[in-house]
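Next come the chains, spelled out residue by residue.
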Amino acid sequence: MYGLAKKEYAAYGVDTEAAIAKLKHIPVSIHCWQGDDVIGLDGGGSLSGGIQTTGNYPGRARNFEELKADIKTAFALMPGKKRLNLHASYAVLNGDSVDRDKYEPKHFAAWVEFAKEIGLQGVDFNPTMFSHKNAKDGLTLSSPDESVRKFWVEHCKACLKIAEYFANEMNSHCLVNIWIPDGYKDVPADRLTPRLRLKKSLDEILSVKYDKKKVIVAVESKVFGIGVESYTVGSNEFYQNYAAKNGICCLLDNGHYHPTEYVSDKIPALLAFYDKVALHVTRGVRWDSDHVVLFEDELKEIAKEIVSNGATEKVLIGLDYFDASINRLSAWVTGQRAMQKALLYALLLPNEKLRSLQDMSGFTELMALNEELKDLPFGAVWKEYLKREGLEKNYFLKIKEYEKEVLSKR
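Now for a look at the structure at hand. Just so it is clear, the structure is predicted and the values come from calculations on it, not from any experiment.

A word on the layout of surface pockets
Next, step 1: The space that makes up the largest pocket amounts to roughly 520 Å³.
Next, step 2: Lining the largest pocket are 25 residues, with Asn254, Pro259, Arg283, Gly284 and Val285 positioned closest to its centre.
Next, step 3: Among the residues forming the lining of the largest pocket, the class breakdown is twelve nonpolar, six polar and seven charged.
Next, step 4: Considering the residues around the second largest pocket, the lining is formed by 27 residues, among which Ile51, Gln52, Asp288, Asp290 and Phe322 are closest to the centre.

Digging into a nonpolar patch on the surface
Next, step 1: The grouping of Phe224, Ile226 and Trp287 at the surface amounts to a nonpolar patch, some 240 Å² of accessible area in total.
Next, step 2: Of note, Trp287 is situated in the loop between strand 9 (277–281) and helix 9 (297–308).
Next, step 3: For Trp287, a relative accessible area of 32% gives the class partly exposed.

Here we look at the pairing of strand 9
Next, step 1: Most of strand 9 sits inside the fold, with five of its five residues counted as buried.
Next, step 2: Here strand 9 shows a buried face lined by Val277, Leu279 and Val281 and a second buried face lined by Ala278 and His280.
Next, step 3: When strand 8 (residues 249–253) meets strand 9, the two strands line up parallel, connected through four bridges. Each residue of the ladder has a partner; that of Leu252, found in strand 9, is Leu279.
Next, step 4: The parallel pair strand 8 and strand 9, bridged by helix 8 (residues 263–271), forms a crossover whose chirality is right-handed.
Next, step 5: Where strand 9 lies against strand 10 (residues 315–319), five bridges are found, and the strand directions are parallel. Within strand 10, the position partnered with His280 by the bridge is Gly318.
Next, step 6: In this view, the connection linking strand 9 to its parallel neighbour strand 10 by way of helix 9 has right-handed handedness.

Observations regarding the nonpolar core
Next, step 1: Within the largest apolar cluster, 129 residues are counted, with the highest numbers of intra-cluster contacts made by Leu86, Trp111, Leu141, Phe166 and Leu202.
Next, step 2: Of all the elements, helix 5 (residues 146–170) adds the most residues to this core, at 13 residues.
Next, step 3: Beyond its immediate stretch of four places on either side in the chain, Trp111 contacts Leu41, Phe64, Leu67, Ile71, Leu84, Leu86, Tyr90 and Val92.
Next, step 4: Within the second largest apolar cluster, seven residues are counted, among which are Leu175, Ile216, Cys249 and Leu316.

Here we look at the packing of helix 11 (residues 351–359) against helix 12 (residues 363–373)
When two helices pack together, their arrangement is given by the angle between the helix axes and the distance between those axes.
Next, step 1: Their axes nearest at 8 Å, the elements helix 11 and helix 12 cross at an angle of 155°. Considering the angle they form, helix 11 stands roughly antiparallel to helix 12. Between helix 11 and helix 12 lies a crossing of left-handed hand. From helix 11, Lys353, Leu354, Leu357 and Gln358 reach across to helix 12, where they touch Phe363, Glu365, Leu366, Leu369, Asn370 and Leu373.
Next, step 2: Across the contact of helix 11 with helix 12, the residue classes tally to six nonpolar, two polar and two charged.

Considerations on the pairing of strand 3 (residues 123–126)
Next, step 1: Here strand 3 shows two buried faces, one formed by Val123 and Phe125 and the other by Asp124 and Asn126.
Next, step 2: Bridge count for strand 2 (residues 82–87) against strand 3 is four bridges, and the pairing is parallel. When the sheet's bridge partners are listed, His87 is paired in strand 3 with Asn126.
Next, step 3: Of the crossover connections in this fold, the one passing from strand 2 over helix 4 (residues 109–117) to the parallel strand 3 is right-handed.

Structural notes on unusual backbone geometry
Next, step 1: Although it is not a glycine, Asp37 sits at a positive phi angle of roughly 65°.
Next, step 2: When you line up the elements, Asp37 lands in the loop between strand 1 (28–31) and helix 3 (64–75).
Next, step 3: Despite not being glycine, Arg286 has its phi angle at roughly 70°, a positive value.
Next, step 4: The class of Arg286 is exposed, set by a relative accessible area of 78%.

Cut-offs and rules
Counting of residues starts from 1 at the beginning of each chain's written sequence and follows it residue by residue. Thresholds applied to this predicted model are a pLDDT of at least 70 for local features of residues and 80 or more for the giving and counting of side-chain atom pairs; totals over whole chains, interfaces and linings are not thresholded and use all residues. Each side-chain value is worked out from all heavy atoms of the structure, with water and hydrogens disregarded. Here the term cavity refers to a set of points on a 1 Å grid, laid over the protein atoms alone, in which a 1.4 Å probe fits but cannot get out; the term pocket refers to an open set having protein on both sides within 12 Å along at least five of seven lines, with lining residues being those that place an atom within 4 Å of a point. Grid points are joined across faces, edges and corners, and a volume is the space filled by probe spheres set on the points. When residues are sorted by character, Ala, Val, Leu, Ile, Met, Phe, Trp, Tyr, Cys and Pro go into the nonpolar class, Asp, Glu, Lys and Arg into the charged class, and all the rest, Gly among them, into the polar class. Patch membership needs two things, relative accessible area over 30% and no salt bridge, and members are linked within 9 Å if like-charged or within 5 Å if nonpolar (Val, Leu, Ile, Met, Phe, Trp, Tyr). Surface exposure here means Shrake-Rupley accessible area, sampled with a 1.4 Å probe, where a residue is shielded only by the protein chains that are shown. Only one rule defines a salt bridge in this text: a Lys or Arg side-chain nitrogen within 4 Å of an Asp or Glu carboxyl oxygen. For helices the rule is a DSSP run of H or I covering at least 4 residues; for strands it is a run of E covering at least 2, with both sets numbered from the N terminus onward. Accessibility here uses a 1.4 Å probe with only protein chains present; expressed as a share of the type maximum, an area under 20% marks a residue as buried, one over 50% as exposed, and anything in between as partly exposed. Pairs of strands are assigned from DSSP output, requiring at least two bridges between the strands. Whether a crossover is right-handed comes down to one check: with the strands pointing away from the viewer, does the path from the first strand over the helix to the second run clockwise; if it does, it is right-handed. Among buried residues, those of type Ala, Val, Leu, Ile, Met, Phe, Trp, Tyr and Cys that are joined through side-chain atoms within 4.5 Å constitute a nonpolar core. The contact criterion used throughout is that any non-hydrogen atoms of two residues lie within 4.5 Å. Here the axes come from fitting lines to C-alpha atoms, over the contacting stretch only for helices, and the angles between their N-to-C directions go from 0 to 180 degrees. Throughout, the term roughly parallel applies to angles under 35 degrees, roughly antiparallel to angles over 145, roughly perpendicular to angles from 65 to 115, and oblique to all others. For any helix crossing, the convention is left-handed if the near helix is rotated counterclockwise from the far helix by under a right angle, and right-handed if that rotation is clockwise.

Okay, here's the thing in structure tokens:
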């Protein structure tokens, strides 16, 4: 089947061997929080900040050892290069009674050891500014309470130091993504002042000396969330302007925009101005619902913009979803494989030919060719890629076996 597919793609000027070779080296940063429903390990508090995990499927990881075991099992079923994306709430404190503003690299040393053990390419990091008593009145870096604001500033400064530790230990960059839940449920009386406080906080955080070649700082916007339906302090306009002015990165979460906005269109817009663009790939159903990523049209378009613009090293791809209504390992693997499928699909497009037709205003032929490409035997190339990665197309049986032997006994 692969031999026939190879010839059929070649007729369109596509080298399937080159596509497979390229895909093997495009890293995807996989979030740890799918495994335990975003609860974390530091006991910060119940979920807050507009974050909800629905469902009660059995087998949730309850501690560091269980989460490690689940990650190791799930990652072994995922093809390609993998990174681990951690939230600060996954600190391994080992009885050390420190709060988030005092976290140190030692509280994440066990994660580095684990990442090396399973051969990950790198570790990415996120300050955790939710599910904590100091997320007072739903505000963190924009809080009018100076003690609260300062606490979160110090937390983010600590995260930059931890990120540099990750970069040094893993010999790879560390993306530090700053997202805050700050906003108001109803129409605010003052939209400007909270943003000025956020700007002040970000300025203070970035005053910390860190190696910018190793640590990539990003800010992540959001339109609205549960409890902040009317106003979000960290809006798209605010963060894109702040990032451009301060030489940091924008992170695009494709669940954080209006339903008629597409991140696939935003990627090339940012590539015109930024050296790096970061992604949190999710699947929103009517809103920012963080459903498991599937091989659907917008995911294909996101991958196409990355590949066709030669941006596989400029766009930092991470996943962000959590579903507690299904087997959590299956959710992990399904989403990561969907991202890999989308990248392979994009790599198998005759992108230069398509671009040339657009430039020549050959829109009729462009439409016809795009329709022809949909019929090509993509599945045979995907299966060949999995085979070379030592994996089978059907991963579900192994997950059900793990569920029976491990998850069902928790």
